[in-house]
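So you can see what is in the structure, the chains are spelled out below.
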Amino acid sequence: MIRTATLAAAAVMGTMAIAAPASAKDISVSYKDLDLSTPAGKSTLARRLDLAAKDACGFSETQTGSRLPPYSVRQCYKEARARSKETMAAIVDQARKGG
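Residues numbered from 1 in each chain as written. Predicted model: local features only at pLDDT ≥ 70, side-chain atom pairs only at ≥ 80, totals over all residues. Heavy atoms only, no water.

1. Focus: helix 2 (residues 39-57)
Over its 19 residues, helix 2 extends 27 Å from the first C-alpha to the last, a length consistent with the 27 Å expected when each residue adds 1.5 Å. Inspection of helix 2 places Gly41, Thr44, Leu45, Leu49, Asp50, Ala52, Ala53, Ala56 and Cys57 among the buried residues, and these make up the whole buried set. (Helix = DSSP H or I, 4+ residues; strand = E, 2+ residues; numbered from the N terminus. Expected span 1.5 Å × (residues − 1). Buried < 20%, exposed > 50% of the residue type's maximum accessible area, 1.4 Å probe, protein only.)

Dropping the structure here:
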C-alpha cells in the first residue's frame, strides 16, 4: 500500500528515487520530459536509470587498478538495477493507464 502511494506521488512529480541497496546513495531520476508510451521514452528512461544505478553504487569512484569494479560495487549495481526495473515497470504501467 505504501509502495503504491510512493510510486503514484513520484509519477505525479515526474521524478523517481532509485531504491538503492544499503551500500548505495539515493539518486533521483527525472522522467517528466519523457513520453513513456513510446519505445524511445522507455529507452531513455532505462539509460537514465542505468547511469543513476552506477552513480549510486560508486562505479566511477572505484580505483582498483582493474577494469572490473570490486564485487561489492557490482552487487550494489545489480541490486539497484533490479529495483529500478521494478519501479520503471510500475511507472510505465501507470502512464499507460493514463496516470
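Right, picking up where we left off after that structure.
2. Concerning the side chain of Asp50
Structurally, Asp50 can be placed in helix 2. Not counting residues up to four positions away in its chain, the partners in contact with Asp50 are Tyr77 and Arg81. (Contact = heavy atoms within 4.5 Å.)

3. Quick notes on the state of the cysteines
For the coordinates displayed, the defined rule picks out 1 disulfide. Note on cysteine connectivity: Cys57 is disulfide-linked to Cys76, with sulfurs 2.1 Å apart. Handedness here is read from the sign of the S-S torsion; for Cys57 and Cys76, about -75°, the answer is left-handed. Of the two residues, Cys57 sits in helix 2 while Cys76 sits in helix 3 (residues 71-96), which places them 19 residues apart along the sequence. Each of the two residues, Cys57 as well as Cys76, counts as buried. (Disulfide = S-S within 2.5 Å.)

4. Things to note about the packing of aromatic side chains
The final tally for this structure, using the stated rule, is 1 aromatic pair. Judged by centre distance (5.0 Å) and plane angle (55°), the rings of Phe59 and Tyr77 are tilted. Of the two residues, Phe59 is situated in the loop between helix 2 and helix 3 and Tyr77 in helix 3; the sequence distance between them amounts to 18 residues. On the basis of relative accessible area, Phe59 is assigned to the partly exposed category, the value being 24%. (Phe/Tyr/Trp six-rings, centres within 6.5 Å; stacked < 30°, edge-to-face > 60°.)

5. A closer look at the pattern of salt bridges
If you walk through the whole model with that rule in mind, you get 5 salt bridges. The shortest N-O distance in the salt bridge between Arg48 and Asp33 comes to 2.9 Å. Of this pair, Arg48 sits in helix 2 while Asp33 sits in the loop between strand 2 (28-30) and helix 2, and the two are 15 residues apart along the sequence. Here Arg48 falls in the partly exposed class, since its relative accessible area comes to 26%. Assessed through its relative accessible area of 52%, Asp33 is described here as exposed. Here Asp50 ties to Arg81 by a salt bridge, and the two come within 3.5 Å at their closest N and O atoms. (Salt bridge = Lys/Arg side-chain N within 4 Å of Asp/Glu carboxyl O.)

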